[in-house]
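The residues making up each chain are set out below.
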Amino acid sequence: MSRDTPLPQSAIDADIPGVYSHMMSFIGGGRACIGFKFSEPEMKIVLCMLVQTFKLTPAQEIEWTMQVSSPTVKGSEDATWQLPLRVEMIST
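Below you will find a few notes about this structure. (Residues numbered from 1 in each chain as written. Predicted model: local features only at pLDDT ≥ 70, side-chain atom pairs only at ≥ 80, totals over all residues. Heavy atoms only, no water.)

On to the overall build of the protein. Within the protein one finds 2 helices and 4 strands. Counted from the first residue to the last, the protein has its helices and strands arranged as α-α-β-β-β-β. When contacts within the protein are restricted to residue pairs at least 6 apart in sequence, long-range pairs at least 24 apart make up 41% of them. (Helix = DSSP H or I, 4+ residues; strand = E, 2+ residues; numbered from the N terminus. Contact = heavy atoms within 4.5 Å.)

A word on the pattern of salt bridges. Following the criterion strictly, the structure yields 1 salt bridge and no others. Linking Lys74 and Glu61 is a salt bridge whose minimum nitrogen-to-oxygen distance equals 3.5 Å. Of this pair, Lys74 sits in the loop between strand S3 (71–73) and strand S4 (85–89) while Glu61 sits in the loop between strand S1 (54–58) and strand S2 (62–64), and the two are 13 residues apart along the sequence. Owing to a relative accessible area of 46%, Lys74 belongs among the partly exposed residues under this scheme. Judged by relative accessible area, Glu61 falls into the exposed class, the value being 54%. (Salt bridge = Lys/Arg side-chain N within 4 Å of Asp/Glu carboxyl O. Buried < 20%, exposed > 50% of the residue type's maximum accessible area, 1.4 Å probe, protein only.)

In structure tokens:
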């Protein structure tokens, strides 16, 4: 489905509330992706397997801003969020 006409300015300026409003891959409401609830446990399983298999440590000193989800490298002039990690396999 394509849009032949541009969105009205009121739609462009509208704030979309919700926890997942920034994730355009699933959106929300009546036309939300039906795979969303399936993908959540799948992502948790993959994350659990990664945490059990690898040791993840910060590669550089990290500075956390007001929001916990906004890490940056301490002293870096780059304002983008960064979280460089050192990944080591855990011996089994």
